[in-house]
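# Examination of the molecular architecture
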Amino acid sequence: FTDEDLKRAAKSGRSPLKNDHAAQPAFETDTNPISPPDNGAQPGTLGDMAKLAVIAEELSARLILSGDYKQHQPVPRGLPFRLLQTQAGIVPQEVTTIRRQQGAYKDAVELFAQGDVVSGIEKLDQLGFVREIQDDVERNKQLASDYADAIQAKQSSLVVAPAHAERDAVVTAIRDELKSRGLIDQNEREVAMLRSKRLTEAERKDPMNYSPGDVIEFSTKGKGGFKAGDRLIVAERAAGRVLAKGRNGLIDVPVDSPKSFDVFRSHQQMFAKGDGIRITKNRRPDRNSSDQRLNNGSTFTLEGFAGNGDLKLSNGQTIAASWGHIDNSATITSFAAQGKTFDRVFVAQSSLSFPASSPEQAYVSASRGRKSVSVYTDDKVALKAAVSRVRPAMNASDLVANDFARADVAIAPAKKRAEQICLQAHRFAVRQIERFKDWMQSHQQQPRYAR
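About the criteria used
Residues numbered from 1 in each chain as written. Predicted model: local features only at pLDDT ≥ 70, side-chain atom pairs only at ≥ 80, totals over all residues. Heavy atoms only, no water. Core = buried A, V, L, I, M, F, W, Y, C linked by side-chain atoms within 4.5 Å. Buried < 20%, exposed > 50% of the residue type's maximum accessible area, 1.4 Å probe, protein only. Helix = DSSP H or I, 4+ residues; strand = E, 2+ residues; numbered from the N terminus. Contact = heavy atoms within 4.5 Å. Pairing = 2+ DSSP bridges. Polar contact = N/O pair within 3.5 Å; in protein donor to acceptor, adjacent residues only side chain to side chain. pLDDT = per-residue confidence, 0-100. Axes fitted to C-alpha atoms, helices over the stretch in contact; angles between N-to-C directions. Phe/Tyr/Trp six-rings, centres within 6.5 Å; stacked < 30°, edge-to-face > 60°. Lys NZ or Arg CZ within 6 Å of the ring centre and 35° of its normal. Expected span 1.5 Å × (residues − 1).

### Here's the deal with the nonpolar core
Counting 26 residues, the largest nonpolar core has Tyr105, Phe112, Leu124, Val373, Val375, Leu383 and Val387 as the members making the most contacts within it. Of all the secondary structure elements, the ones that give two or more residues to this core are helix H4 (103–113), helix H5 (117–126), strand E4 (157–160), strand E17 (342–348), helix H10 (359–366), strand E18 (369–377) and helix H11 (380–387). It is H4 that provides the largest number of residues to this core, a total of 5 residues. Excluding residues that lie within four positions of it along the chain, Val373 makes contacts with Tyr105, Leu124, Phe129, Val345, Val347, Ser365 and Ala366. Of all hydrophobic cores here, the second largest spans 16 residues; its members include Tyr147, Ala161, Leu178 and Ala330.

Structure representation (structure tokens):
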């Protein structure tokens, strides 16, 4: 949400979010709380957090940040949410009782929350929640069948896959199962989707992070006369430049002003009437349109296609097939699952997803369910090893602390030598004083001390 979005929401007394996220920041005013990002840990820079503070000050409101920094962290550099708790002197109010789950499932989630992900996986396995099926096709079919059973039993259900490669395979299996049960239409069309490459601002400055076919979409005015909504298709990299297709040939992508755009990859996906659609980017209606705003993360059912191929949603709106910021809502990554709650959760985590596995991912994936979570893998032992790999995110202050630590290590030999010299000097002085006392006694004189 932009600054203006939050201010408009504050004036209207309505939250710009329409979901049930359990952990999010809010502006507490005299009316209703205003909810900015999905999670207090999501603002990725001190600048973003400072903007929230400035808006709160303008509204004479109290900014409430709630969340869990043990879960996924933001893509941009910096961890201001953790920084406020660990180095800013702010004592957080902690809620340690898990309320989403009950019984033995709750006990397993508590292990994940404590950082003991291996014991958490083992506890889920004891409950029969972890299934090892080595054949990829059979594993995905089993997951799809279990998911369809839950849907037909009117249980809210979600499939989580850490990696897009596994996610795509699971979506295909689920759609085949739903078509066989008549839950989605047999007639389908191919639609282009845009997936963010999740590049940080620094990474968007580096031409090496671009590939032919990447889609550049501007969110604000960009260098070169580009305006919000303009798109470019990357054609090639050459001599430190990123070149895109223009009307009159190749043009430069303004990589030196990375705040004005994001980078996506285009992906083809089949859709049919009855498919669930998830919005992956905020969409504002035109000024003269009666359409409502579409919020990132909102889900709808596809009611069919217009004559020109545009998509008709269950809320009555029609979106252009060329827009691209949609996805199948049945399966999402653990990043997108953070903050959501469903009756049953199915986690597709085979060796395809092991490179994207982590303690944070395992914690988020395992804790989304209200009644149960089912994990489908091809190797239980390798799964425990994959989720145990720690990739700690750090603040700049953490790096400075490490520099001091490394400096201490570097000067340790010199410090040790200096201590040895001081000890030797002390011993020499003691010996000299004793020798002086002995000499005075031998001459039967008492030492005179200066006044």
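### A closer look at the pairing of E4
Because side chains alternate across E4, one face comprises the buried residues Ser157 and Val159, and the other comprises Leu158 and Val160, equally buried. As judged from the 2 bridges shared by E4 and strand E16 (residues 331–332), these two strands associate in the parallel manner. Its bridge partner lying in E16, Val160 is registered against Ile332.

### Quick notes on the environment of Asp379
Tracing the backbone through its elements, the reader meets Asp379 in the loop between E18 and H11. Residues Asp379 and Glu132 lie 247 residues apart in sequence; the distance between their C-alpha atoms is 6.1 Å. Not counting the four nearest positions on each side in its chain, Asp379 is found in contact with Glu132 and Phe354. Within the structure, Asp379 has its side chain in polar contact with the backbone nitrogen of Ala382 (distance 3.0 Å).

### Remarks on the pairing of strand E8 (residues 241–246)
With 4 bridges joining them, strand E7 (residues 231–238) and E8 adopt antiparallel strand pairing. Counted as the bridge partner of Glu236 is Leu243 from E8. Alignment of E8 against strand E9 (residues 249–252), held across 4 bridges, turns out to be antiparallel. The residue of E9 that forms the bridge with Leu243 is Asp252. Two successive antiparallel strands, E8 and E9, enclose a turn made up of 2 residues.

### So, the confidence of the model for the protein chain
Should pLDDT be low for a region, the predicted coordinates there are not to be read in detail. When pLDDT is averaged along the protein chain, the result is 82, and 79% of the positions lie at 70 or above. For the protein chain, the element scoring lowest by mean pLDDT is strand E1 (residues 26–28), at 50; strand E3 (residues 130–132) scores highest, at 97. Across residues 13–24, confidence stays below pLDDT 50; counting only partners more than four residues off in sequence or on other chains, it has 40 contacts. Contacts for the low-pLDDT stretch residues 446–451, under 50 throughout, to residues beyond four places or in other chains number 2 contacts.

### Observations concerning the side chain of Thr333
Mapped onto the elements, Thr333 comes out in the loop between E16 and helix H9 (334–337). With a relative accessible area of 14%, Thr333 lands in the buried category. In this structure, Thr333 is in contact with Val160, Ala161, Pro162, His164 and Arg167, ignoring residues within four places of it in sequence.

### Some details on the sheet that holds E8
Where strands meet in a sheet, backbone hydrogen bonds hold them as pairs that are either parallel or antiparallel. Ordered by their spatial adjacency, 6 strands build an open sheet running E5-E10-E6-E7-E8-E9, and the pairing between neighbours is antiparallel. Looking at which strands have only one partner, the edges of the open sheet turn out to be strand E5 (188–196) and E9. If you compare each strand with its neighbour and ignore which way they point, the axes differ by 45° on average. Note that E5 and strand E10 (residues 261–272) share 9 bridges and pair antiparallel. Note that in E10 the partner of Ala192 across the bridge is Gln268.

### Points about the packing of aromatic side chains
According to the stated counting rule, one finds 5 aromatic pairs in the structure shown. Between the aromatic rings of Tyr147 and Phe346, the centroid separation amounts to 6.1 Å while the plane-to-plane angle is 80°, which identifies the pairing as edge-to-face. Pair noted here: Tyr147 is in helix H6 (residues 136–152) and Phe346 is in strand E17, with a separation of 199 residues, a long-range link. No difference in accessibility class separates Tyr147 from Phe346, as the two residues are buried. Aromatic rings pair up to connect Tyr147, Phe346 and Tyr376 into one cluster. Above the face of the Trp323 ring, Arg283 is positioned so that its terminal group lies 5.7 Å from the ring centre.

### Quick notes on the sheet that holds strand E15 (residues 326–328)
The antiparallel open sheet is built from 5 strands, whose spatial order is E14-E13-E12-E11-E15. Across the chains shown, the open sheet's two edge strands, defined by having one partner strand only, are strand E14 (318–319) and E15. Two elements, strand E11 (residues 276–279) and E15, share 3 bridges in a ladder whose sense is antiparallel. Across the sheet, residue Ile279 finds its bridge partner in E15, namely Ile326.

### What about helix H7 (residues 164–180)?
Here H7 contains 17 residues, and its C-alpha end-to-end distance of 24 Å stays within 8% of the 24 Å for a straight helix at 1.5 Å per residue. Looking only at H7, the buried set comprises Glu166, Arg167, Val170, Val171, Ala173, Ile174, Arg175, Leu178 and Lys179. Following H7 by one or two positions, Gly182 has its phi on the positive side, about 75°.

### Some words on unusual backbone geometry
Positive phi, normally seen in glycine, also occurs at Lys154, with a value near 65°. With respect to the element layout, Lys154 can be found in the loop between H6 and E4. Judged by relative accessible area, which is 74%, Lys154 ranks as exposed. Here the phi dihedral of Ala239 falls at roughly 50°; this positive angle occurs in a residue that is not glycine. Relative to the helices and strands, Ala239 is located in the loop between E7 and E8. A relative accessible area of 84% means that Ala239 is categorised as exposed.

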